[in-house]
Amino acid sequence: MDEERSLSLVQLMTNEGLVPSTEEEDKRRNVIQKLKEIVLAWVKRVAWQRRLPKEQIAETHATILTYGSYGLGVHGSESDIDALCLGPEFATMAEDFFVVLHNMLKSRPEVSEIHCVKDAKVPLMRFKFDGILIDLPYACLHVLSVPENVDVLNPFFLRDLDETSWKSLSGVRANKCILQLVPDLEKFQSVLRCIKLWAKRRGVYGNLHGFLGGVHLAILVAHVCQNHPKGSLNTLIANFFKTYAYWPWPTPVMLQDPMLPAAGYPSETRSLMPIRLPCSPHEYCHSNITRSTFYKIRTEFLRGHNTTRDLMRPDFDWHFLFEPFPYSKKFARFVKVYLSASNQDELGDWVGWVKSRFRSLILKLEEVQGLCDPNPTEYIDVDVTEPHIVFYWGLQPGRTNLLDMVAVEKDFLKNIHNGFQGSPGRMELLVVQASQLSKSSQLDSGSGRRTKACWKNLDYNRPRIPVYSQHLPNYIIGYVDAKADSKYPSAGG
C-alpha cells in the first residue's frame, strides 16, 4: 500500500507537468551553454579593454553557475532559470556587467525583454533567452580567471568579497550545500516538487507577499529528508507536515552539517520563522513573514498534517492536499489592489516595484484591521482594456468593518513613489465584498498567473548617451539612458 501511494503521487506529479520533458531539458541545457560562451567572450573583451597582456587575455575566464529550482533539479516546464555570472576582479559590475555584457546580450537574436534591476538587494539582469526567463546577478571574485566549475565553498574564492558579490553568491552556495547534505537526492527532489505545488495551490508561496520562497522550502524539505533518510516518498511528505505543524517557532530550522559546529552561534531573533542558510552559520534566509502570513502558513501546515496523517486509509486521495485555497468561501471582504500602466512593458516595471514593497502594506493593514491574507496570485479583469494586474487579499473580520482605505492608500503611495525611477503607473486600493468579485477572477481555481518582480532602469526609447571606457581613451563600451548618467560618473564602478 505504501508503494501504491507513492506511485499515485508520482503519477499526479506527471499529470501536473511538474517534471519537464526531455526536449525541454535539452533546451535549457543549450541556453546555459550559450550563456557560458557569451560570458567567456565578454570577459576576454573586458580584459582587452583593460590592456592586459595577450597571454593573460587568452587564459582569463568567467563562468555561469545555476541555482534556485533549476540548480536543485526541481524546475517545471515553465520555470525560469536562476544563473549567476562569476567574473574576475578586473570586471566591474557598473561598467562591465551592466553596460558591456548588457549590450552584448541585447544584440543577440535569442535575447528579448532585457531589464537591468539595479536597486534590488541582489542587482541583476532579467531577460528571456530563447523564450526562457533568466535572472542573472553578478559576483566579482578576487582572481584573474574564474574556473568553469569553480568551487564556491572554497574559502580561496570567497576572500575579500564585497557585500553585493557575497549576497549574489549566497543562492549558489546554499544550493550546493543542500545537494551535498541530503541523503537521497532523487527523493528530495520529488518531495520538493510536491511541496512547492502544495504551497502555490494553498497560497503560501511567495517571499514578496510574506510567505515562503524557494530556498525556504528547499531547506525545510532537506531537514526532513535528513531526519528520515530511509523514508519513502509519501512517508517523507507526511513527516514534512507533521514536523512543521508542531515546530516550536521561533526555534530555527537548520540542516545537520558535519562541517559546522552544532552550537555556539547566535539565533535569529527578528524573524517569526527563522531558517538558517546551510554552510553559513551566521546567515538566515531573508524573510518577509508577518503575523498574518505566519498564521496562514502554520494553519496550512496543520491542514497538511491532518490530510496526510493516515495515508493508508482506503479513501485517501492526494488531490485533496493540493486543492486550491478557497478564498471566496473563507473571506467575505477583500482588499483589491489594482495596478495599471500605459503599456505592458511599463506595467511589468511598475508591478515588480510595487510588489517589492508589499510588506509595508501588509503591516499597515495588520495595524488598522488585524490579520489579512495577501493572496500572491495575480488576476486580470477581462472587462478592463488598459494593461493591469489585480490582487485580492482576504480580510479577516477585524476591529471594524469601516476600513479607512484612503489613509492606507495614501501611506502606501508615499512608500512606493520613494525611489521609483521609471514612469509610475496607477495604484488603487478598494475594499470589495466577495459577492462583488468578477467571475473572471476565479479566486478559487488556482488559475491566476504569477510573475517575478521586475523593473528596469534603462528605457531605450529615451535619449541615450555613450559610456566611455576608463582604460581605453575615446572607446565607447555601450550606452545608457540620458537620465541615468549620474549613476555612471566615471563608468568605472
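Residues numbered from 1 in each chain as written. Predicted model: local features only at pLDDT ≥ 70, side-chain atom pairs only at ≥ 80, totals over all residues. Heavy atoms only, no water.

Chemist: I would appreciate a short explanation of the packing of helix H8 (residues 185-201) against helix H9 (residues 214-227) in the present structure.
Modeler: Any two packed helices are characterised by the angle at which their axes cross and by the distance between the axes. At their nearest, the axes of H8 and H9 sit 10 Å apart, and the two run at 135° to each other. Here H9 runs oblique to H8, going by the angle between their axes. The crossing of H8 and H9 is right-handed. Between H8 and H9, the contacting residues are Phe188, Val191, Leu192, Ile195, Lys196 and Ala199 on the first element and Leu217, Ala218, Val221, Ala222 and Cys225 on the second. (Axes fitted to C-alpha atoms, helices over the stretch in contact; angles between N-to-C directions. Helix = DSSP H or I, 4+ residues; strand = E, 2+ residues; numbered from the N terminus. Parallel < 35°, antiparallel > 145°, perpendicular 65-115°, else oblique. Left-handed = near helix turned anticlockwise from the far one by under 90°. Contact = heavy atoms within 4.5 Å.)

Chemist: Whenever I open this one, H9 confuses me. Can you help?
Modeler: For an α-helix, the turn length of 3.6 residues means that residues three or four places apart are oriented alike. Across its 14 residues, H9 extends 20 Å between first and last C-alpha, which sits within 8% of the 20 Å expected from 1.5 Å per residue. A large share of H9 lies buried, amounting to eleven of its 14 residues. Of all the residues in H9, the buried ones are His216, Leu217, Ala218, Ile219, Leu220, Val221, Ala222, His223, Val224, Cys225 and Gln226. Where the residues of H9 are buried, they touch helix H4 (68-72), helix H7 (163-181), H8, helix H10 (233-245) and helix H11 (291-308). (Expected span 1.5 Å × (residues − 1). Buried < 20%, exposed > 50% of the residue type's maximum accessible area, 1.4 Å probe, protein only.)

Chemist: Explain the nonpolar core here, please?
Modeler: Within soluble globular proteins, side chains that are nonpolar generally end up buried alongside one another. If you look at the biggest cluster of nonpolar residues, it comprises 55 residues, and the most contacted ones within it are Phe188, Trp198, Phe240 and Phe301. Those elements giving two or more residues to this core turn out to be helix H1 (2-15), H7, H8, H9, H10, H11 and helix H12 (318-321). Apart from the residues lying within four places of it in its own chain, the contact partners of Phe240 are Ile195, Trp198, Leu220, Val221, Val224 and Phe301. Counting residues in hydrophobic clusters, the runner-up holds 35 residues, among them Ala83, Val100, Leu105 and Cys116. (Core = buried A, V, L, I, M, F, W, Y, C linked by side-chain atoms within 4.5 Å.)

Chemist: Just to check I follow, could you spell out the state of the cysteines for this structure?
Modeler: As used in these notes, a disulfide is a covalent bond between sulfur atoms, one from each of two cysteines. Under the counting rule described, the total for this entry stands at one disulfide. A sulfur-sulfur separation of 1.3 Å characterises the disulfide bridge that pairs Cys177 with Cys279. Measuring handedness by torsion sign, the sulfur bridge of Cys177 and Cys279 sits at about -125° and is left-handed. You can see Cys177 sitting in helix H7 and its partner Cys279 sitting in the loop between H10 and H11, a full 102 residues away along the chain. Across the pair, Cys279 and Cys177 agree in class, each one buried. (Disulfide = S-S within 2.5 Å.)

Chemist: Can you walk me through the confidence of the model for the protein chain in this structure?
Modeler: Detailed reading of the predicted model is not advised wherever pLDDT is low. Averaged over all residues, the pLDDT of the protein chain equals 87, while 86% of them reach at least 70. Across residues 450-462, confidence stays below pLDDT 50; counting only partners more than four residues off in sequence or on other chains, it has 56 contacts. When the criterion is pLDDT under 50, residues 483-493 qualifies, and its contacts beyond four places in sequence or with other chains add up to 19 contacts. (pLDDT = per-residue confidence, 0-100.)

Chemist: What exactly am I supposed to notice about the packing of aromatic side chains here?
Modeler: Centre distance and the angle of the planes are the two values used to describe a pair of aromatic rings. Summed over the entire model, instances satisfying the criterion amount to 23 aromatic pairs. A connected cluster of aromatic rings, assembled from ring pairs, spans Trp198, Phe240, Phe241, Tyr244, Trp247, Trp249 and Phe301. For Lys200, the ring lying beneath its charged end belongs to Tyr205, and the centroid distance is 5.3 Å. Across the ring face of Phe325, the terminal group of Lys296 is positioned such that the distance to the ring centre comes to 4.0 Å. (Phe/Tyr/Trp six-rings, centres within 6.5 Å; stacked < 30°, edge-to-face > 60°. Lys NZ or Arg CZ within 6 Å of the ring centre and 35° of its normal.)

Chemist: Got a minute to help me understand the side chain of Ser292 in this structure?
Modeler: Turning to its location among the elements, Ser292 is positioned in helix H11. Residue classification places Ser292 among the buried residues on the basis of a relative accessible area of 2%. Non-local contacts of Ser292, meaning those with residues more than four positions away in its chain, are made with Glu366, Gly370, Leu371 and Cys372.

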